[in-house]
Structure formats: structure tokens, C-alpha cells
Amino acid sequence: MARAKNILFIMFDQLRWDYLSCAGHPHLETPHIDALAARGVRFSRAYIQSPICGSSRMSTYTGRYVHSHGASWNGIPLKVGEMTMGDHLRALGMGCHLVGKTHMRADADGMARLGIEPDSLIGARVAECGFDVFERDDGMLPEGPDGSYDPDGAKAYSAYLREQGYDSDNPWHDFANSALDNDGNVLSGWFLKNASKPANIEEQHSETPYLTRRGMEFIAQAEGPWCCHLSYIKPHWPYIVPAPYNAMYGRQHILPPVRSEEERDNAHPVLKAFMQTFVGQAFSKDHIRDAVIPAYMGLIKQADDQMGVLFNWLEETGRMEDTMIVLTSDHGDFLGDHWMGEKTFFHDASTRVPLIVYDPSSDADATRGTVCDALVESIDLAPTFIEVAGGDVPSHIVEGRSLLPILHGKQTETDREFVICEYDYSGSPLAETLTETVRDAVMFMVATKDWKLIHCEGGYRPILFDLQNDPDELVDLGDSPDHGEIIDMMYQHLFRWTRRTAQRTTRSDAQMIDMRTNSRGRGVIIGVYDENDAPLELTVKYRGRKAHAFTDRKPKDASGA
């Protein structure tokens, strides 16, 4: 096998780590993703850096924590000047291209301040998270009384649907994400009661097959070393899937929710507020889980089938021989676990994601088909890609660790003791519910293999889970007097992380080391009383010099004479 020349970076949206058969799901069979795992390494402890689409993706694309890049919620722009994997890879001669979703919002104010024209090449890359766009599809075109959530959402896809005869002012909603009754009424996929019905679209025209074809179209025409970010929209809500996938799973395939009455009755005030959100209350009801989870599983099954189409095509075209394939997700989905829906808290259902890496290099032969339980973060992908492209990781900018030493059997662990996840809910209605200021509506998770601590600003006690004895995270030990030392240890981890140097991105570590001594030879003499107290070579410019007395000076006239 040749060394990896290209990178196919596949990301699903809202795919739980444990909803794959290779991760142990007893009913959901994902043979094509499993086959990729059999040819590569499956990382069983991979964590995101924020439990929401936008900020999680910005961390993955920059290789930096949310605290560093600042795009802390959906719609908050990534600052102009933040380097992304596209910036790093292009400098190494590898193109970086997008097919699908990023959830990126451009820093329009910053671009205007710096005079960057949005329609210039640089402007387009800044606005698109560092990618050259083959097709962007954030996959969301909801509309309400106040307008559209994202007027540019599913733009090219909607045009494609109209070309296929799906006539509507919003075919994304009316066909790809809704069902139809016998009288021609649209049964919106936004309403969970419709989740079990088939989407009113031919399966080949639905979102996941469409993006798979677009990904193959990009690869077929790509020249030179490339990274293709094939970024899928599903299994993110709306939870609705075309036939035959809507009918593949039923109530008998639904796993019992991971939750307990005691957990809810004794919940930490902030956790309780998340449980009591509208979506949390909805997914706490069995009939809603019964409707949604089979559709969610159907969306995953469709995704796996499309991975089979994609991987077979890569084999036929010879791309499996020179292309690293990375498959992951931006976050998980509670699906009623812990009395919650959605993803915006720190249990593993949300923060732990699938991560499978296939490296065609012969250097990776020894680790094929293995499972690695090292503590891995999504920010580790950027430095991995930089090394694949032949570069040295700029550790003063990129905060992750390359996974190549693990893939090549040189290491079994990363050098980190803990993982970090952050959530800024200051723009969420939940902050109003908890009467939190913008400053205090933030939370942090720090986790080792044994413990997970959640810190909520605003004067709250911590939340603590014993991951060894309570892997389901049902018993909060945050107020246990017997665990004071553990809590102190976890806070020390968190404090150590906050003390890192993350904003000095304009000078490398090597440059900083060089600065320690380079001023000595440039004439800066501090604290030296006598010229003989300093080395001759450092003071040679100050010895043996002659000058006339200032009283003998002859100023030049206005003409310079």
C-alpha cells in the first residue's frame, strides 16, 4: 500500500458513538462502517469540544478549543484570523474542499474592518471556514413567521429537487423532510408524530445519497493532493427517512433509556433545567421515543448503505490505495437518556462520538482492525491531517495531538490526562430560565478515563460522575463529602487547562526560545556596571568609539549645508 496522498474527512451530524454495530448496538447493523473499522483503528473514547453543531465543528476545523477560537454557539462567527485546517493544508500543497455542512458564519464585521472583499478568493475562504467550496449544504431550510432560519440552507439541493420534479417553494421541507397523506397534505417532519412515516421522496433523491454522489463527483475531478470534507446532514433532525428505511426498525429495536427516577429527582439545578426544557420533556415520554428512534436508526442505516456505495467506488477507482478516510460526528443525541433530548449537556450520549481512521500506509498495517481507548479529542484531526500532508504541527496554534503515532503503532495513548468540553448557553432561552448573566451562562466538562467533572459558572456546586463504577452516569457525586479529593483533583486539571498559552499564535515555541537570547547580540545591555563585566563580543559596538563634544557641533542650515 502507498502512503496516504489524499484525505476523505467524513462527518455525520448528531450520530451517537454507540449507534453502530461495531460499537455494540445489538439491533442496528452497520456493516460498511464496520468494514472501515476493520481496516483501520476505531477510537472508543473520542470526545467533542462543545455539544452543539457550530462550536464543535469550529474546534474540529481549527484544531483549537472553543475557549481559544471563540465561536461558542451556532451563528457566532469564527474570528477573522483564526487558522483552519484549510489554511494549514494549502500551505503544504494540499487542497481543502467542502462538500456538505459546516455551520460556519462569516465574521462580516472583521472582514470589513480589514478590507477583505467577500467575493475575493481570500474572502471566500475566510467566509467558508477555510474550505474551497464544491458544494455547501447546511441542510436546514426551516421557515417561521419571522422568516427563514437560514435563507441559503439547502440551496443547491433544493434546486436539484426542483429539477427532479419536486415542485414547491421549499422542496427540502415538503418532500425530503415530510410525509404525505392520502389527500395530498404535507405531514411535516418537524412534528415527531410523523417520524415513522416515509418521507415523500425517492430514496435516491434524499439528502444522504445526494451528498454521497456529490462527494464522488468532487473526488472524480480532483487533482493533486486533496482533503475533501464530506459533511453529511443526517441523522440530525427532522427525524424522518424515506422508504424502505422508515420501516426497518420498530419498538422491539429500541434500547431502554439510560435514566432513573432518582437521577431526575435529585438533579443538580442546571441539569434539572436542561431536563425540563421542551425537548427534554418530550423525549422523556415513551411514545415519542417509540416514534423517533426507529426513524433515527433508519437514517443511520441509510447512511451506512451509502458508505457502502462510496467505499466500493473508491475501491473501483483505486482511491482506497492512496486516501486516508476519517469518519466521525460533530456530537451525539440524548434520545431520552438522562431525561433529555438534543445534545446540549455533557453526558457521553452527547459528547462521545464515533471516530474511525483508515490509513492506507503500510506503516498502519500493525493496527488494522484494532480498538484504541486513548483519550482523543476532535481537535486531534487537524494535526493528524497536517502530518499526513508532510508538515510539522504548529503547536502554538493547533492544540490537538496527531493520531499518526497511534495509527502507526508507535504509541497506544495520547499524552493527555483529560479531555475538555465547553458549552456557552448565554444566547439560549435556558439562560433566561436560570436567570444567568451572559458571563455566567457557561459550563465546562473535564474528564479522565475514571472521572467526569462538570463545572457550571454562577456559583453552583460541581457535578461528578465515577465513570468506572457508574459508566451510565446516573449518580451525581458532586456534593459527596467522600469525594472532595477527587473533586479537587479534577478542578486542578481544569485550572491547568485554563492556564495554557493559547492566544500567542503569532510566534512559535521555537521562536520564543530563540527570543530568550537573541537580544544579547543586538546591543541590549541591561544591568551591566562595567564594560568588562560583559563578554567582549557582546559589547564590541560600544568600545573604542569617538565623538565630538556636543558644544562643538555645527548644526546644518535649512538647505542642509
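Up top you'll find the structure we're talking about.
Residues numbered from 1 in each chain as written. Predicted model: local features only at pLDDT ≥ 70, side-chain atom pairs only at ≥ 80, totals over all residues. Heavy atoms only, no water.

Novice: Explain the overall build of the protein chain to me, using residue names and the numbers behind them.
Specialist: A tally of regular secondary structure across the protein chain gives 20 helices and 19 strands. The C-alpha atoms of the protein chain give 27 Å as radius of gyration, which agrees with the globular expectation for 561 residues (24 Å, within 12%). Along the longest, intermediate and shortest principal axes, the C-alpha atoms of the protein chain span 105 × 60 × 55 Å. Burial statistics for the protein chain: of 561 residues in total, 56% are counted as buried. Considering only residue pairs separated by 6 or more positions, the protein chain has 71% of its internal contacts joining residues 24 or more positions apart. Working note: accessible area of the protein chain is about 24800 Å², and carbon and sulfur atoms make up 51% of it. (Helix = DSSP H or I, 4+ residues; strand = E, 2+ residues; numbered from the N terminus. Rg over C-alpha atoms; globule rule 2.2 N^0.38 Å. Buried < 20%, exposed > 50% of the residue type's maximum accessible area, 1.4 Å probe, protein only. Contact = heavy atoms within 4.5 Å. Areas by Shrake-Rupley, 256 points an atom, 1.4 Å probe, with all protein chains shown as cover.)

Novice: Report on the nonpolar core, specifying residues and quantitative values.
Specialist: Counting 72 residues, the largest nonpolar core has Phe9, Phe43, Met324, Phe345 and Phe385 as the members making the most contacts within it. In this structure Phe385 touches Ile7, Phe9, Met85, Leu89, Cys227, Met324 and Val326, once residues within four positions along its chain are discounted. Membership of the second largest hydrophobic core comes to 64 residues, among which are Leu36, Ala37, Phe218 and Phe311. (Core = buried A, V, L, I, M, F, W, Y, C linked by side-chain atoms within 4.5 Å.)

Novice: Could you give me a rundown of the sheet that holds strand S15 (residues 376-377), with the residues and numbers involved?
Specialist: Pairing is mixed in the open sheet, where 3 strands are placed in the order S12-S3-S15. With one partner strand each, in any of the chains shown, strand S12 (352-353) and S15 form the two edges of the open sheet. Bridging between strand S3 (residues 46-47) and S15 involves 2 bridges; their strand directions are parallel. Residue Ala46 lies in a different strand from S15, and its bridge partner there is Val376. (Pairing = 2+ DSSP bridges.)

Novice: Any details on the sheet that holds strand S2 (residues 41-43)? Residues and values, ideally.
Specialist: Read across the sheet, 8 strands follow the order S5-S4-S10-S1-S11-S13-S2-S14 without closing on themselves; strand pairing throughout is mixed. Because the sheet does not close on itself, it has two edges, and the strands there are strand S5 (132-136) and strand S14 (370-372). For this sheet, the mean angle separating the axes of adjacent strands, direction not counted, is 15°. When strand S4 (residues 95-100) meets strand S10 (residues 226-235), the two strands line up parallel, connected through 6 bridges. Each residue of the ladder has a partner; that of Gly100, found in S10, is Ser231. Together, strand S1 (6-13), S4, S5 and S10 form the strand contacts of helix H9 (residues 207-221), whose direction differs from that of S10 by roughly 175°. (Axes fitted to C-alpha atoms, helices over the stretch in contact; angles between N-to-C directions.)

Novice: Tell me what's going on with the packing of aromatic side chains, and back it up with residues and numbers.
Specialist: Applying the stated rule across the entire model yields 22 aromatic pairs. Aromatic side chains Phe345 and Phe346 sit 5.8 Å apart centroid to centroid with 45° between the ring planes, which places their arrangement in the tilted category. Summarising the burial analysis for this pair, Phe345 and Phe346 share the class buried. Following the ring pairs from residue to residue traces out a cluster consisting of Phe274, Phe345, Phe346, Tyr423 and Tyr425. The ring of Trp339 carries Arg264 above its face, with NZ or CZ at 3.7 Å from the centroid. (Phe/Tyr/Trp six-rings, centres within 6.5 Å; stacked < 30°, edge-to-face > 60°. Lys NZ or Arg CZ within 6 Å of the ring centre and 35° of its normal.)

Novice: Run through the packing of helix H1 (residues 31-39) against helix H13 (residues 286-316), naming residues and quoting values.
Specialist: The N-to-C vectors of H1 and H13 enclose an angle of 50°; their axes lie 7 Å apart at closest approach. One finds that H1 runs oblique with respect to H13. Within the contact between the two elements, H1 uses Pro31, His32, Ile33, Leu36 and Arg39 and H13 uses Lys301, Asp304, Asp305, Met307, Gly308, Phe311 and Glu315. Its residues assigned to classes, the contact of H1 with H13 comprises 5 nonpolar, 2 polar and 5 charged. (Parallel < 35°, antiparallel > 145°, perpendicular 65-115°, else oblique. Nonpolar A, V, L, I, M, F, W, Y, C, P; charged D, E, K, R; others polar.)

Novice: Run through the environment of Met489, naming residues and quoting values.
Specialist: As for its position among the elements, Met489 is in helix H18 (residues 484-498). Separated by 315 residues in sequence, Met489 and Asp174 place their C-alpha atoms 53 Å apart.

Novice: How would you sum up unusual backbone geometry? Please name residues and give values.
Specialist: Excluding glycine, most residues fall at negative phi; most peptide bonds, likewise, are trans. Cis geometry marks the peptide bond from Trp237 to Pro238, where omega comes out at 5°. Mapped onto the elements of the fold, Pro238 is located in the loop between S10 and helix H10 (261-265). Following Ala243, the chain continues into Pro244 via a peptide bond in cis, with omega recorded as 5°. Position of Pro244 among the secondary structure elements: in the loop between S10 and H10. You will see that His338, though not glycine, has its phi angle at about 60°, which is positive. Summarising the element assignment, His338 is placed in the loop between strand S11 (323-329) and helix H14 (348-351). The backbone of Thr435 shows a phi angle near 50°, a positive value even though the residue is not glycine. Tracing the sequence through the fold places Thr435 in the loop between helix H17 (429-433) and strand S17 (442-447). The exposure class of Thr435 is exposed, given its relative accessible area of 69%.

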